[in-house]
Amino acid sequence: MAGLLSDNSRKANFSHAYVDAMAAAVGFSVERWTDDYDSIDVTIKATGRVEHSGKLSTGRSPKLDLQLKCTDAVSPKDGELHFPLSVKNYDDLSDPTRVTPALLVVLFVPKTWEQRLKWSASSLRLHKLAYWVNLRGMQVTTNKKSVTVVLREHFHPDALRHLMFLSAEGEL
Amino acid sequence: MRLTPSDIRAAPVAATELLTYLRSTGWRRLEDQKRMDLHVATLMIHDGRAAEVQVPLLPEAKDYARRVAELLNVAAEVEGRSPHHLLADIRVVQFDVVRVRRTGRNDDTLPVGDGAALFALANGVFVASSLAVVDPRATYSGRRPAKVADFMETVRLGQTEQGSFVVRLLVPLPSSVGQSQTRFSFAKENAPPLPFPRQVTRQLMRSVRRAKAAVTAAIAGDSLEPFRDEIRNGVSAELCKALNAIEDVTPLHGVEIGVVWGAAWPMERPQPVAFMSDALQILGHAAEFLAAKETVEDFWLEGYITKLERDDPAGEIEGNATIATTLEGQLRRVRVTLQPTDYNAAAEAHKIGQRVRVKGDLGREGRRFRLVSPKQFAVVEHDDDDK
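Here's a quick rundown of the structure. (Residues numbered from 1 in each chain as written. Chains lettered and ligands numbered in written order. Predicted model: local features only at pLDDT ≥ 70, side-chain atom pairs only at ≥ 80, totals over all residues. Heavy atoms only, no water.)

### Considerations on the interface of chain A and chain B
For clarity, the threshold we go by: What makes two residues a contact is simply this: any of their non-hydrogen atoms within 4.5 Å. Two parts placed together each lose some accessible area under a 1.4 Å probe, and adding up what both lose gives the buried area. Whenever Lys or Arg places a side-chain nitrogen within 4 Å of a carboxyl oxygen from Asp or Glu, that contact is recorded as a salt bridge. Two N or O atoms form a polar contact when they lie within 3.5 Å of each other; inside protein one atom must be a possible hydrogen donor and the other a possible acceptor, and for residues adjacent in sequence the pair counts only when both atoms belong to side chains. Put simply, DSSP H or I for four residues or longer makes a helix, DSSP E for two residues or longer makes a strand, and each gets a number counted from the N terminus. In this classification, the charged set is Asp, Glu, Lys and Arg, the nonpolar set is Ala, Val, Leu, Ile, Met, Phe, Trp, Tyr, Cys and Pro, and all remaining amino acids, among them Gly, are polar.
Between chain A and chain B, the contact holds 30 residues from the first and 26 residues from the second. For the pair chain A and chain B, the summed buried surface comes to about 2,400 Å²; carbon and sulfur atoms form 46% of the total. Linking chain A to chain B there are eight salt bridges. The shortest N-O distance in the salt bridge between B:E70 and A:K63 comes to 2.6 Å. Seen at the junction of chain A and chain B, the total is 23 residue pairs in polar contact (both at pLDDT 80 or more). Contributing elements (two or more residues each) for the side of chain A that touches chain B: β2 (42-45) and β5 (63-71) of chain A. Classifying every residue of the side of chain A that touches chain B by side-chain character gives eight nonpolar, eight polar and 14 charged.

### So, the pattern of salt bridges
Oppositely charged side chains are able to pair whenever their charged atoms sit close together. Defined as follows: Relative accessibility thresholds used throughout: buried, under 20% of the residue-type maximum; exposed, over 50%; partly exposed, between the two (1.4 Å probe, protein chains only).
One pass over the structure, following the stated rule, counts 36 salt bridges over all chains. In this structure, the salt-bridge partner of A:E31 is B:R2, at a minimum N-O distance of 3.1 Å. Of this pair, A:E31 sits in strand β1 (residues 29-32) while B:R2 sits in the segment before α1 (5-10), placing the two residues on different chains. Overall, the relative accessible area of 14% leaves A:E31 in the buried class. For B:R198, the salt bridge is made with B:D96, and the minimal N-O distance between the two is 2.7 Å. Residue B:R198 is located in helix α8 (residues 196-221), and its partner B:D96 is located in strand β4 (residues 95-103); the two are separated by 102 residues in the primary sequence. What makes B:D96 buried here is its relative accessible area of 0%.

### Looking at unusual backbone geometry
Residues and elements named next belong to chain A. With an omega dihedral of 15 degrees, the bond running from H127 to K128 counts as a cis peptide bond. In this model, S53 sits at a positive phi of 50 degrees, which is unusual for a non-glycine residue. Looking at the secondary structure, you find S53 in the loop between β3 (51-52) and β4 (55-56). You will see that D78, though not glycine, has its phi angle at about 55 degrees, which is positive.

### So, the nonpolar core
Residue and element names in this part refer to chain B. Put simply, the rule is: We call a set of buried residues a nonpolar core when its members are Ala, Val, Leu, Ile, Met, Phe, Trp, Tyr or Cys and they connect through side-chain atoms within 4.5 Å of each other.
Counting residues in each nonpolar core, the largest one holds 55 residues, and the members touching the most others are V100, F126, F227, L243, I257, F275 and L283. Here the element with the most residues in this core is helix α5 (residues 112-134); it accounts for 10 residues. In this structure, V68, A76, I90 and V93 belong to the second largest nonpolar core, which totals 33 residues.

So, to be careful, I would describe these as geometric facts and stop short of saying anything about function.
This is how it looks when you write it as structure tokens:
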């Protein structure tokens, strides 16, 4: 249909909406970047100390940089999502010399838009599941095009809170 | 328009420059931030605005440019100005930045003649101000002192600013390392002396402010005499002439001069000084007025003899006497050549500490004052003192 975004742009926006919703649910702000020279799409921010599992962080005002991907080309199997990441993204995200921790978040979605977003008068559902991985310090690759990255951790509100807590502690 | 990481990568800025600037504009350290035991950033908070920024300390970090863009966007929001202008100021923390802006225009273009005049104005006020630091006078002649010539060699033209027509002059400041312990002392007597470049930019702002005050007083009193009163504050014929450089101005157009102190040597920032076209024209007349006052005819000089020189001790020829007096609000020594009778009287007055009075044409010889064509030399009697 003329005038609509490409499917890739729609998926990109969908992944942003997914992360925005997660961050809003736990009270963090999100800054979106148009310049992804270091493979960062958004930065999650908190002001003050972050609480997790009844503990308050010693550090304050943590941040988390995220590279967002949205895919329907690969499916999780046995709790793992094997995602082909471009070499550039891999090199950037595995670089240990960062001020702010940087993670890869991959949102796995169904094949159709009718399956991806389900609205009713009683609820809005975004399908299906996002995963995250920390590639910091991973082995340098000699691949030319892509690196298959294994993601096991689910990206959800409490996970986000925990990640921000770890960032505040300097442990991520 | 917000800064992007690409803006920072195009022209990186050092963490020391960021910290120096932030400390000088109301930000203070809140805590150090570590990552895997490495000190990667400093969190700073603004005293007046409850805002926080993270200053990255590792320029080699992958996300350094992103972190800098982030912090500058927040800092600019706190300061209420463009992040790009803020970045331009941070790049010059070791410089005083004097901004000369053409006012009254709604676009960032300028007739080429006005542009040339604006640059001439900027150069002229700097020369006049540096001369005033060395020796405040109504007007200057002869070679510039070496200190002034050397200083002017260091002043740089910066890039004009986006969105307006502004000439920026950059005055490099010496390193302030080691100065901070005394520079922020509340005791004035502990404050280190200001470096000469800072003295010049400070004088520049004082001079233009006093020139504007003289304009107001001149209009009120329908006289240019107020400009004489401001000579000691650095208002000179050269300053007035420089400000008048934009001659062909239209009503409502003028110039504005302001300064951003180099953050390495923080001081309270003065308000910019603006001149409308009518004021600039008065300054043109003031330049002529002050230049004409270089030689004052039939001037009564009164003061104390401080020095006597005569080749012939027998006292049959003329000799030179130096008289200490107050001129233009400052203690000055004026040389006068006296005939034998007057010279002998001057010698007697000097011996007993008596004031003398003489009339003549007061002028300059280089940097010294001289009274020529002296007449009616007299020792001031005690009775005269009581009147």
